[in-house]
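Below, each chain spelled out in residue letters.
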Amino acid sequence: MNRRERVFQLIEGGDVPNRDYVPGAFFLHFGGEHSLGEPAVQKHAEFFEATGMDFVKIQYERALPKQPIESPADWDRVKPLAEEYFDPQLVVVRRLVERLKPIAPVIVTLYSPFMCAGHFATHQLL
């Protein structure tokens, strides 16, 4: 039974070998040249394989562009980002899912509105 099968079997409440085992993982940002593209794919896979984690966690590495947020009323002026803005991150997601989904669950970071606010506005305003 591989990590993916074991995790999903536990979620579904089925019998699995070594039932006293609790699946786990921990995550970090790789930064620099390992943020996007093939270097990000390689670094995530390397980290996953080296640590023996039960999940693959894909970090979100795109900084959202600053928006003109100076007061709560300014939220009406926040411009949606073009779909193409997310393409570099989606390439990393696609490649890691293709590569690692057969052996482990893959989890992708999605930003909450609060996290987006942290990118759009100043810390003083938040």
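Residues numbered from 1 in each chain as written. Predicted model: local features only at pLDDT ≥ 70, side-chain atom pairs only at ≥ 80, totals over all residues. Heavy atoms only, no water.

### Quick notes on the overall build of the protein
For the protein, the helix and strand inventory stands at four helices and two strands. Secondary structure elements of the protein occur, N-terminal to C-terminal, as α-α-β-α-β-α. Taken over the C-alpha trace, the protein has a radius of gyration of 18 Å; the compact-globule value for 126 residues is 14 Å, which it surpasses by more than 25%. Seen through its principal axes, the protein has C-alpha atoms that stretch 55 × 30 × 25 Å. (Helix = DSSP H or I, 4+ residues; strand = E, 2+ residues; numbered from the N terminus. Rg over C-alpha atoms; globule rule 2.2 N^0.38 Å.)

### Let's talk about empty space enclosed by the protein
All told, the structure shown has one cavity of 30 Å³ or more when counted by the stated rule. The volume enclosed by the largest cavity comes to roughly 60 Å³. Where the lining of the largest cavity is concerned, the elements lending two or more residues are helix H2 (37-51) and strand S1 (56-58). Take the lining of the largest cavity: its biggest share by element is three residues, from H2. Its residues assigned to classes, the lining of the largest cavity shows eight nonpolar, two polar and one charged. (1 Å grid on protein atoms, 1.4 Å probe; cavity = no way out; pocket = protein on both sides within 12 Å on 5 of 7 lines; lining within 4 Å. Points joined across faces, edges and corners; volume = space filled by probe spheres on them. Nonpolar A, V, L, I, M, F, W, Y, C, P; charged D, E, K, R; others polar.)

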